[in-house]
Each structure stands twice: as structure tokens, then as C-alpha cells.
Amino acid sequence: MQKTLFSQGMAEWGTACLVFISGAMAGRLIATGMTEVQALGALMAVLASMTAAVAVRVWPAPERVKLPVDRDDQRR
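Residues numbered from 1 in each chain as written. Predicted model: local features only at pLDDT ≥ 70, side-chain atom pairs only at ≥ 80, totals over all residues. Heavy atoms only, no water.

A. Region of interest: the environment of Thr51. Along the chain, Thr51 falls in helix α3 (residues 36-58). Between the C-alpha atoms of Thr51 and Val19, which are 32 residues apart in sequence, the distance is 9.3 Å. (Helix = DSSP H or I, 4+ residues; strand = E, 2+ residues; numbered from the N terminus.)

B. A look at a nonpolar patch on the surface. Taken together, the side chains of Phe20, Ile21, Met25 and Leu29 make up a nonpolar region of the molecular surface, amounting to roughly 440 Å² of accessible area. You can see Ile21 is positioned in helix α2 (residues 8-32). Relative accessible area serves as the criterion here: at 47%, Ile21 is assigned to the partly exposed category. (Patch = residues over 30% accessible without salt bridge, like charges linked within 9 Å, V, L, I, M, F, W, Y side chains within 5 Å. Areas by Shrake-Rupley, 256 points an atom, 1.4 Å probe, with all protein chains shown as cover. Salt bridge = Lys/Arg side-chain N within 4 Å of Asp/Glu carboxyl O. Buried < 20%, exposed > 50% of the residue type's maximum accessible area, 1.4 Å probe, protein only.)

C. Quick peek at the side chain of Thr15. Structurally, the position occupied by Thr15 is in helix α2. At 3.0 Å, the side chain of Thr15 and the backbone oxygen of Ala11 are in polar contact. Sequence-distant contacts of Thr15, that is, excluding residues within four places in its chain, are made with Ala52, Ala53, Val56 and Arg57. (Polar contact = N/O pair within 3.5 Å; in protein donor to acceptor, adjacent residues only side chain to side chain. Contact = heavy atoms within 4.5 Å.)

D. Representation of the side chain of Ser49. By the element assignment, Ser49 lies in helix α3. Judged by its relative accessible area of 4%, Ser49 falls in the buried class. A polar atom in the side chain of Ser49 sits 3.0 Å from the side chain of Ser22. The contacts of Ser49, once residues within four sequence positions are left out, are Leu18, Val19 and Ser22.

E. Highlighting the packing of α2 against α3. As a packed pair, α2 and α3 sit with axes 9 Å apart at the nearest point and diverge in direction by 165°. In terms of orientation, α2 and α3 fall into the roughly antiparallel class. Viewed along their axes, α2 and α3 form a crossing whose handedness is left-handed. Between α2 and α3, the residues in contact are Gln8, Ala11, Glu12, Thr15, Ala16, Leu18, Val19, Ser22, Gly23, Ala26 and Ile30 and Ala39, Ala42, Leu43, Ala45, Val46, Ser49, Met50, Ala52, Ala53, Val56 and Arg57, respectively. Here the contact of α2 with α3 is built from residues that sort into 15 nonpolar, five polar and two charged. (Axes fitted to C-alpha atoms, helices over the stretch in contact; angles between N-to-C directions. Parallel < 35°, antiparallel > 145°, perpendicular 65-115°, else oblique. Left-handed = near helix turned anticlockwise from the far one by under 90°. Nonpolar A, V, L, I, M, F, W, Y, C, P; charged D, E, K, R; others polar.)

Here you go:
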């Protein structure tokens, strides 16, 4: 359950949704009227969600550990 919940694909889709939702909310609230400080905070939230999306896509996958194979076990 947790493996599928925290998979690479779900992380990519989740951060893509985060970027879309934060951008839509910021755009809507800026259009209805915000102060400059509030607008700057909303833009920083959009940039932070974009940073998270890029980090998820660029972060290297963990290397698989190769276990040593015991030759005696294969003969039996």
C-alpha cells in the first residue's frame, strides 16, 4: 500500500496538481485584489510548488543493492 502511495508516478502527479492548484488560486486571488505583499507571498507559493515538482522529477532513483550470490545454494 505505501509503496504505491509513495511511488515516483504518484509524486509526479501530486506535484503537478500542486503547481496547477496553487497557480490557479494565486491567479484568482490576485485578480480579485490583493496587496503587494500578499501577491508576493502567493507568487512565492507558486514558485515553491514548481521547485518541488522539479525536485521530484530530477531527484535520482535510489540504487538497488546487489546481494552476493552463494554458489553452494544454486547447486542444490
